[in-house]
Amino acid sequence: AQTVTQSQPEMSVQEAETVTLSCTYDTSENNYYLFWYKQPPSRQMILVIRQEAYKQQNATENRFSVNFQKAAKSFSLKISDSQLGDTAMYFCAFRGQGGSEKLVFGKGTKLTVNP
Amino acid sequence: SAVISQKPSRDICQRGTSLTIQCQVDSQVTMMFWYRQQPGQSLTLIATANQGSEATYESGFVIDKFPISRPNLTFSTLTVSNMSPEDSSIYLCSAGGRVSTEAFFGQGTRLTVV
């Protein structure tokens, strides 16, 4: 079974600075998808960024980028120019290629952006 | 993309009663899922809601406690039965199409059992 590990329960960063959230995973599959979701106090799960395992290029979405290391099974999220609105829980998630399309989530990292 | 409407958004229920949560998607989707998020915790999959057949439950979750219906490709319900305070959680509906790699989420239902 796949597992996702987020080793940082809480992190904080000053506004406008850069922060990196860590995620590692374990799988025997070769093709899969990885995601970072953001959950603000409103509870709404918001997709931040996704990465297809067969793509070597790291995904980027504006201020958000990932460092995907397939051999190391590592998938970290970098947030540049942090904003107060980035304060939220961040969940790393894994989805396999075939069969069920369910997501396996890490335990989450609580990020606080300080003014 | 898909927009998911989930209701109720929150409820306070007496122990021993049942609550049914509804999930409506604005487009036809292949897969629908129900997750539980206990206070301060991550999301745990309860079951996959299958259209026209019985839901597929994850280990630790049973149909008698969490009956699920999915009468069509855009709608599903989750019932939390015979509730106890341990059932106090956020319950989230999720949906996605088979060709899409992204899962969309409803806004969640915050359930408190007293």
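Now for a description of the structure that goes with this document. Just so it is clear, the structure is predicted and the values come from calculations on it, not from any experiment.

Rules and cut-offs
- Residues numbered from 1 in each chain as written.
- Chains lettered and ligands numbered in written order.
- Predicted model: local features only at pLDDT ≥ 70, side-chain atom pairs only at ≥ 80, totals over all residues.
- Heavy atoms only, no water.
- Salt bridge = Lys/Arg side-chain N within 4 Å of Asp/Glu carboxyl O.
- Helix = DSSP H or I, 4+ residues; strand = E, 2+ residues; numbered from the N terminus.
- Buried < 20%, exposed > 50% of the residue type's maximum accessible area, 1.4 Å probe, protein only.
- Phe/Tyr/Trp six-rings, centres within 6.5 Å; stacked < 30°, edge-to-face > 60°.
- Contact = heavy atoms within 4.5 Å.
- Buried area = accessible area lost by both parts, 1.4 Å probe.
- Polar contact = N/O pair within 3.5 Å; in protein donor to acceptor, adjacent residues only side chain to side chain.

Once that is clear, we can look at the pattern of salt bridges. Residue and element names in this part refer to chain A. In total, this model carries 5 salt bridges over all chains according to the counting rule given. Residue R63 pairs with D86 through a salt bridge whose shortest N-O separation is 2.8 Å. Of this pair, R63 sits in the loop between β7 (60-61) and β8 (64-69) while D86 sits in the loop between β9 (74-79) and β10 (88-96); the two residues are 23 residues apart in sequence, bridging distant segments of the chain. Neither R63 nor D86 differs from the other in exposure class; each is buried.

Below, the discussion takes up unusual backbone geometry. A negative phi angle characterises most non-glycine residues, just as the trans form characterises most peptide bonds. In this model, K7 of chain B is joined to P8 of chain B through a cis peptide bond whose omega is 5 degrees. Tracing the chain through its elements places P8 of chain B in the loop between β1 (4-7) and β2 (10-13). The phi dihedral of R43 of chain A falls on the positive side, at around 80 degrees, and the residue is not glycine. Tracing the sequence through the fold places R43 of chain A in the loop between β5 (32-39) and β6 (46-52). Judged by relative accessible area, R43 of chain A falls into the buried class, the value being 8%. The backbone of D81 of chain A shows a phi angle near 50 degrees, a positive value even though the residue is not glycine. Tracing the chain through its elements places D81 of chain A in the loop between β9 and β10. By relative accessible area, D81 of chain A is classed as partly exposed at 40%.

Within the structure shown, the criterion is met by 15 aromatic pairs over all chains. For the pair Y25 of chain A and F94 of chain A, a centre-to-centre distance of 6.2 Å together with 35 degrees between the ring planes defines the contact as tilted. A residue pair is termed long-range when its members are at least 10 positions apart, and Y25 of chain A in strand β4 (residues 24-26) and F94 of chain A in strand β10 qualify at 69 residues. The same class applies to Y25 of chain A and to F94 of chain A, which are both buried. Their ring planes at 65 degrees and their centres at 6.2 Å tell us that F105 of chain A and F105 of chain B sit as a pair that is edge-to-face. Taken together, the residues F105 of chain A in strand β11 (residues 104-105) and F105 of chain B in strand β10 (residues 104-105) connect one chain to another. What makes F105 of chain A buried here is its relative accessible area of 9%.

With 20 residues of chain A in contact, the opposing surface of chain B contributes 26 residues. When the two sides are added together, the surface that chain A and chain B hide from each other amounts to roughly 1900 Å², 47% of it contributed by carbon and sulfur. Three residues, R43, E101 and K102 of chain A, lead the burial of chain A against chain B; their summed loss comes to 35% of the area buried on that side. For E58 of chain B, the salt bridge identified is with K102 of chain A, shortest N-O distance 2.9 Å. Taken together, chain A and chain B are joined by 9 residue pairs in polar contact (both at pLDDT 80 or more).

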